[in-house]
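Chain by chain, the residues run as shown.
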Amino acid sequence: MKVIDKKTVVEDPNCVAPNLREDHDKGLELLKYVILGVLFGIVFVKAEIISWFRIQEMFRLQSFHMYGVIGSAIVTGIISIQIIKRFGIKTIHGEKINIPTKEFRKGQIIGGFIFGLGWAITGACPGPLFAQIGSGFTVVGITLISAIAGTWVYGKFADKLPN
Amino acid sequence: MNEFIEWVSQPWPWYVAGPLIGLTVPALLILGNKTFGISSSLRHVCAMCVPAGIPFFTYNWKKEIWNLLFVIGILIGGFVATSYLSNPEIIKISEATQSDLAALGITDYSSLLPVEIFSWQNLFTAKGLVFFVIGGFLVGFGTRYAGGCTSGHAIMGISSLQWPSLVATIFFMIGGFLMTHLLLEPLMKIVGF
């Protein structure tokens, strides 16, 4: 059985979630992503991952909870991807599954560090921002707008920053 | 049914939540050859609303609409979980963290987020400037500069055994530790906590 060659697709270094489906999802087909997002958002709230308190606990090394969540998510992801590769599992549309290769750049160090500073202030990475808003903390909408502005400023000066 | 609702209404332990989050990786791959990543949605919003001729935002964002629908789903999921499945008790945070945060003036555990910080009254104050405006900016700028966030790098990247994602994740943590242990306290003092 042919294993998926992960070098087949070299991603746009600035886009970690590229759409590698050959044909576009249309209409109701897109609904599955909303449903997946809803389930994901429920887990975020139920496991208190969106809690500013939980992020403080994590960075103060005073609870195993967040490390357990992220660690077991990674282990599950590793096993899943290995199964997909070993058995040559295809998408429900019969396409070969592509996993883009991430190229090393300085941005992963500098940008990663900057994001870490922000993560400890807001108590949220981008996913939980959306779930916090949905949970009724509408003021986090301001944080989200500011995060979009930060993304835009990065895009504007991307070619002038060390990378 | 009532028992089920009661059961899901408790906070979920890490060994339930973590694997469920991890399963998002194969779910997205198998459902549509999509790579798990959330911070990209912020870029797509820029591309959709204010591309301003910047090459970084000039691409066919319509092809990436799934990512925006996914994050809208997360927002709806947050609403559903809080409205229908929420845990009635106050959040149980470790005592060590509680005493550390009390020293910073944070003592209200009635919600998942401290209301002392996350309220509209703080918006046009120094508190709001630090926690919403600057905090959000660092998250958006940093994740895009790093090429991903906790989902794209820590979970998707490490799951597919890519060392640059491990490097990024280590630096997320270094930034977080530095902010929490060295900068947060003086910053909170300055803005009036």
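Residues numbered from 1 in each chain as written. Chains lettered and ligands numbered in written order. Predicted model: local features only at pLDDT ≥ 70, side-chain atom pairs only at ≥ 80, totals over all residues.

Visitor: Which parts of the structure should I look at to understand the overall build of chain B?
Guide: For chain B, the count of helices and strands is nine helices and zero strands. Ordering the α and β elements of chain B from the N terminus gives α-α-α-α-α-α-α-α-α. Dimensions of chain B along its principal axes, counting C-alpha atoms only, are 50 × 45 × 35 Å. Burial status across chain B gives 50% buried among its 193 residues. (Helix = DSSP H or I, 4+ residues; strand = E, 2+ residues; numbered from the N terminus. Buried ≥ 20, exposed ≤ 12 C-beta atoms within 10 Å, placed from the backbone.)

Visitor: Is there a simple way to explain the overall build of chain A in this structure?
Guide: Secondary structure summary: chain A contains six helices and zero strands in total. Written out in order from the N terminus, the α and β elements of chain A read α-α-α-α-α-α. Looking at chain A as a whole, 53% of its 163 residues are labelled buried. Sequence separation of at least 24 residues holds for 60% of the intrachain contacts in chain A that already meet a minimum separation of 6. (Contact = placed C-beta atoms within 7 Å.)

Visitor: I keep staring at the UniProt feature "transmembrane region" (unreviewed entry) in chain B and nothing clicks. Help me out?
Guide: This chain's UniProt record puts "transmembrane region" (unreviewed entry) on residues 12-30, 42-59, 65-85, 128-146 and 166-184 of chain B. Counting secondary structure, residues 42-59 of chain B comes out at 44% helix and 0% strand; the distance between its end C-alpha atoms is 14 Å. (UniProt positions renumbered as here; feature names shortened; annotations may be inferred.)

Visitor: What's the story with the confidence of the model for chain B in this structure? I'm lost.
Guide: Reading fine detail from the predicted coordinates is not recommended where pLDDT is low. Looking at chain B as a whole, the pLDDT averages 94, with 99% of positions reaching at least 70. Model confidence for the complex: the whole-complex pTM is 0.91, and ipTM, which rates the interface, is 0.95. (pLDDT = per-residue confidence, 0-100.)

Visitor: Sorry, what's going on with the domain arrangement of chain B here?
Guide: Note on interface size: it is often stated as the accessible area lost on association of the parts. Residue and element names in this part refer to chain B. Domain annotation of chain B identifies domain 1 (1-86) and domain 2 (117-193). Relative placement of domain 1 and domain 2: their C-alpha centres are 19 Å apart. Each partner contributes residues to the interface: domain 1 has ten residues there, and domain 2 has ten residues. Of all elements in the fold, only α2 (14-22) and α4 (40-49) reach the threshold of two or more residues within the side of domain 1 that touches domain 2. Here the residues of the side of domain 1 that touches domain 2 sort into five nonpolar, four polar and one charged. (Domains from an automatic or database assignment. Nonpolar A, V, L, I, M, F, W, Y, C, P; charged D, E, K, R; others polar.)

Visitor: Help me understand the UniProt feature "transmembrane region" (unreviewed entry) in chain A, please; the structure alone is not making it clear to me.
Guide: Residues and elements named next belong to chain A. Under the feature "transmembrane region" (unreviewed entry), the UniProt entry names residues 30-53, 65-88, 109-131 and 137-155. Counted over residues 109-131, helix gives 87% and strand 0%. Its end C-alpha atoms are 27 Å apart. Taken as a whole, residues 137-155 contains 84% helix and 0% strand, while its terminal C-alpha atoms sit 28 Å from one another.

Visitor: Would you mind going over the nonpolar core with me for this structure?
Guide: Note on soluble globular proteins: their nonpolar side chains tend to be buried together. A:F44, A:V69, B:A17 and B:I155 are the most contacted members of the largest nonpolar core, which has 92 residues in total. It is helix α7 (residues 126-146) of chain B that contributes the most residues to this core, nine residues altogether. A domain-level breakdown of this core finds at least three residues from each of domain 1 (1-86) and domain 2 (117-193) of chain B. Non-local contacts of B:I155, meaning those with residues more than four positions away in its chain, are made with A:A73, A:I74, A:G77, B:I21, B:G22, B:V25, B:F36 and B:T150. (Core = buried A, V, L, I, M, F, W, Y, C linked by C-beta atoms within 7 Å.)

Visitor: Explain the packing of helix α4 (residues 107-122) of chain A against α7(B) to me, please; I cannot follow it from the model alone.
Guide: The packing of two helices is summarised by the inter-axis angle and the distance between the axes. Running from amino to carboxyl end, α4(A) crosses α7(B) at an angle of 155°, the nearest separation of the two axes being 7 Å. Looking at the two axes, α4(A) sits roughly antiparallel to α7(B). Along this stretch, α4(A) crosses α7(B), giving a crossing that reads as left-handed. Side by side, α4(A) and α7(B) meet where A:G107, A:Q108, A:I110, A:G111, A:G112, A:I114, A:F115, A:L117, A:G118, A:W119, A:I121 and A:T122 of the first sit next to B:V130, B:F131, B:G135, B:G136, B:L138, B:V139, B:F141, B:G142, B:T143, B:R144, B:Y145 and B:A146 of the second. Class assignment for the residues of the contact of α4(A) with α7(B) results in 13 nonpolar, ten polar and one charged. (Axes fitted to C-alpha atoms, helices over the stretch in contact; angles between N-to-C directions. Parallel < 35°, antiparallel > 145°, perpendicular 65-115°, else oblique. Left-handed = near helix turned anticlockwise from the far one by under 90°.)

Visitor: Please clarify how helix α1 (residues 31-46) of chain A should be interpreted in this entry.
Guide: Because each turn of an α-helix spans 3.6 residues, side chains separated by three or four positions in sequence point in the same direction. Under the 1.5 Å per step criterion, the end-to-end length of α1(A) is 23 Å for 16 residues, consistent within 8% with the ideal 22 Å. What α1(A) keeps buried is the set A:Y33, A:L36, A:G37, A:V38, A:F40, A:G41, A:I42, A:V43, A:F44, A:V45 and A:K46. Structurally, α1(A) contributes buried residues whose contacts are with α5 (126-134) of chain A together with α2, α3 (24-32) and α5 (65-84) of chain B. Following α1(A) by one or two positions, A:E48 has its phi on the positive side, about 60°. (Expected span 1.5 Å × (residues − 1).)

Visitor: Help me out: how do you make sense of unusual backbone geometry in this one?
Guide: Of all residues except glycine, most have a negative phi; of all peptide bonds, most are trans. Positioned with a positive phi, A:L61 is a non-glycine residue whose angle comes to about 55°. Here A:L61 shows up in the loop between α2 (52-59) and α3 (65-86). We classify A:L61 as partly exposed; it has 14 C-beta atoms within 10 Å. A positive phi is found at B:L161, a non-glycine position, where the angle reads about 55°. Its place among the elements puts B:L161 in the loop between α8 (150-159) and α9 (163-190).

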